[in-house]
Each structure stands twice: as C-alpha cells, then as structure tokens.
Amino acid sequence: MKRIPVGPLRAFDMAARTLNLSAAAEEMNVTHAAVSRQVKQLEERLRVKLFERLPRGLKLTAHGALLAEGTREAFDRLASALEDVSIPAVRRKLTISTFASLSARWLMPRVQSFAERFPDADLRVITSTRLVDFSREDVDIAIRFGGGNYPGLHVIPLFQPRDIVVCAPSLLRRGLKLETLADLNNFPLLHDDSYHSWERWLAAAGVKDVNPRRGVICGDRNSMLQAALEGQGVALTSGVFGANDLAAGRLVQVFSNAVSSRFAIYAVCLPRRLSDPLVSGTLEWLAAEATTSPDAHVPAP
C-alpha cells in the first residue's frame, strides 16, 4: 500500500474524536467540505467504510473504530513530542553549601542578584557546619569559615570579618550606661557557640575588668544576633553578618573597636569544575558581592 498523506488521516482522526464533520472542521480551521472530502479520499484509498453517516452526526464502523484507535495514539504522541521540544531546555541547578548564619545574613539577601545574573539556573542552598565531601555530595561550591588550607580544592577568599560590639537600640533606652568598655559588666554578653569570640575581642581591646565567660551561649551566630535584635544583651558581629541590621537601625554599633577574626571566609570547589561556566561564573559573582559588602575585607590568598 502506498503511503497515505497526513492530511486525510488528521481529518479522519478529528472526525472520529468529535463524530461530527462540522465540529472537526472548526477544530482544524477548515471548511466542512474539506474534512468530508479528505475522509472520503481516505475511505477510497483504504477501500473500507470508516463512518456511518447519520442525520445528526457520524458513527464509526468496525474498520473506522480500529483505525481511530491507531490515529488517536499516533497524533497524541506527536502532540506530546512537539510540546517536549517546544519547552525550554532543562534549567541548571547550582548548589552552594554554607553555614546557617552566612546563609541567613548574607547569602539569602542576594538570591535575586544571582537570578538576574544566571536567569537559566536555579540556586539551591544547603546549610551545614561540616566540610563538604565533593566526591560524594551533590554540591558545586562550599563557603566555609576557616584558615583557607583546603588541599585539593580551588580556594577563593571572600571575607576577613572584623568583630564589633552591637546591641538593639531598645537596650540602650533602659537606663543603664554603655559608654565605656567597662560598662559591658552591666549587660548580658551574648555568645555564639562558645566564649572564644568575646575572650579574643576583650583581650585585643585590652579590657581586663570584664568577665568574658558570662552571659548566654546561643548555639550559633545567627541565634546570637536574633537575641541581640530582641534586646536580650550585647553581641559581637561583623559587616558580613550584621550589615543589613546596622543599616536599618535594628542594631547599633556601641564602640569603635573592631577586631579582625582569626579566620576568614572562603569559597571552595573542585578545580575541574572551573571549566563549567555556571560554577566559575558563580565564584566570580560571590567574589564581586563580597567586595561590595560593608566591612568585608578580602584576605590575601
């Protein structure tokens, strides 16, 4: 049998679906006569009757029902294939692993910037305090707080945080003075997960008459800053973590002293991933965002 043109098969399929030539013609945006002619041509080609013509519509014959089953499946599959190829390419996903306080205080306020720079990619952020095993985990880039010695990884320095003393404005309106470093004795000290930050800050500032081992250990820097925002005490923060709250007046810097942290914040990835434009581009974006952050000092590599 010679090949049958698609036109008559499409006309038959639509007539079989609607069981009405006028409705089929409307769906195909052609005339009633055109659909009728193509169905008739198909019947002549196949030498079988496909429809019973009724006063108010059509009825499939046995041969027509058999053919309709095949054309319905074929045209449905064709429509699905056309839809698949018309859908934009699958969006890329870029996964960054970092610690919770940096995610909440610095990275999350910049997700719109990421979307504008990489409109065809979606950002996925996961938080963890442990180092990433790039060979086993679905992570593209990690941002960590440490000494910068990450063997086998490509390392980009982002920040050298400088700790400053902050509190909520409401805390200063309660009558107690906070004008000298010694006045810190009048307020609860808020700590992240240990006393180390306050011990180091007070030592660097030459303060010996304030006990750094008192106050509240909050678990992490994010929780500590939330406690400070609620007026629960005095905390240490840096531009990396506190810039938005300081700019909005939710926190105020109490003293001018700023003590550089022992560690810095770095972005790391596998060296071979630098050949991926999305990974290398994201590293460039992170570095650019870091340079515009208040009080963020990029350490030497």
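What you see as residue numbers is a count from 1 along each chain, following the sequence as written. Per-residue local features are limited, in this predicted model, to residues with pLDDT of at least 70; the limit for side-chain atom pairs, both in listing and counting, is 80 or more; totals at the level of whole chains, interfaces and linings are taken over all residues. Only hydrogens and water are removed before side-chain values are computed, so all heavy atoms of the structure are retained for them.

## Here's the deal with the overall build of the protein
Defined as follows: Helix and strand definitions follow DSSP, with helices as H or I runs of at least four residues and strands as E runs of at least two, each counted in order from the N terminus. All accessibility values rest on the Shrake-Rupley procedure with a 1.4 Å probe; residue burial counts only the protein chains present in the view. In this tally Asp and Glu are treated as negative and Lys and Arg as positive; neither His nor the chain ends contributes. A single reference atom marks each charge: NZ on Lys, CZ on Arg, CG on Asp, CD on Glu.
Secondary structure summary: the protein contains eleven helices and 13 strands in total. If you line up the protein on its principal axes, its C-alpha atoms span 105 × 45 × 30 Å. Taken as a whole, the protein presents about 16600 Å² of accessible surface, with 52% of it coming from carbon and sulfur. If the 37 positive side-chain charges of the protein are averaged to one point and the 32 negative ones to another, these points end up 5 Å apart.

## As for the packing of aromatic side chains
Applied cut-off: Aromatic pairs are defined between Phe, Tyr and Trp rings, using the six-membered ring for Trp, whenever the two ring centres lie within 6.5 Å; interplanar angles under 30 degrees are classed as stacked, those over 60 as edge-to-face, and all others as tilted. Buried residues are those whose accessible area, probed at 1.4 Å on protein chains only, stays under 20% of the maximum for their type, while exposed residues exceed 50% and partly exposed ones sit between those limits.
Per the counting criterion, the structure on display carries eight aromatic pairs. Between Y150 and Y266 the ring centres are 6.2 Å apart and the planes differ by 65°, which places this aromatic pair in the edge-to-face class. Here Y150, found in the loop between β5 (141-146) and β6 (154-159), pairs with Y266, found in strand β13 (residues 264-269); they are 116 residues apart in sequence, far enough to count as distant. A residue is classified by how much of its surface remains accessible, and Y266, at 9% relative accessible area, is buried. Taken together, F114, F118 and W285 form an aromatic cluster joined through their ring pairs.

## Remarks on the nonpolar core
How we decide: Take the buried Ala, Val, Leu, Ile, Met, Phe, Trp, Tyr and Cys residues and link them wherever side-chain atoms come within 4.5 Å; each set so joined is a nonpolar core. Whether two residues are in contact is decided by their heavy atoms, any of which lying within 4.5 Å being enough.
Grouped together as the largest cluster of nonpolar side chains are 34 residues, with contacts concentrated most on L102, I141, I143, L158, I265 and L286. Take this core: its biggest share by element is six residues, from helix α11 (residues 277-291). The contacts of L102, once residues within four sequence positions are left out, are L107, I143, V240, F241 and I265. Listed in part, the 18 residues of the second largest apolar core include L171, L181, L184 and L202.

## Brief notes about the pattern of salt bridges
Note the cut-off: Here, a salt bridge means any side-chain nitrogen of Lys or Arg that lies within 4 Å of a carboxyl oxygen of Asp or Glu.
The full count for this structure, using the stated rule, is 18 salt bridges. Residues D245 and R105 are paired through a salt bridge, measuring 2.7 Å at the closest nitrogen-oxygen approach. Of this pair, D245 sits in helix α10 (residues 239-248) while R105 sits in helix α5 (residues 100-107), placing them 140 residues apart in sequence. One salt-bridge network, held together by shared partners, links R10, D13, R17 and D76.

## What about the pairing of β13?
This is how the line gets drawn: Whether two strands pair depends on DSSP finding at least two bridges between them.
Of all the six residues making up β13, six are buried; the element is thus mostly covered by neighbouring parts of the structure. The two faces of β13 match: A264, Y266 and V268 on one face and I265, A267 and C269 on the other face are all buried. Bridge count between β5 and β13: five bridges; the pairing is antiparallel. Within β13, the residue paired with R144 across the bridge is Y266. By the bridge criterion, five bridges tie β6 to β13 in an arrangement that is antiparallel. For P157, the partnering residue across the bridge sits in β13 and is Y266.

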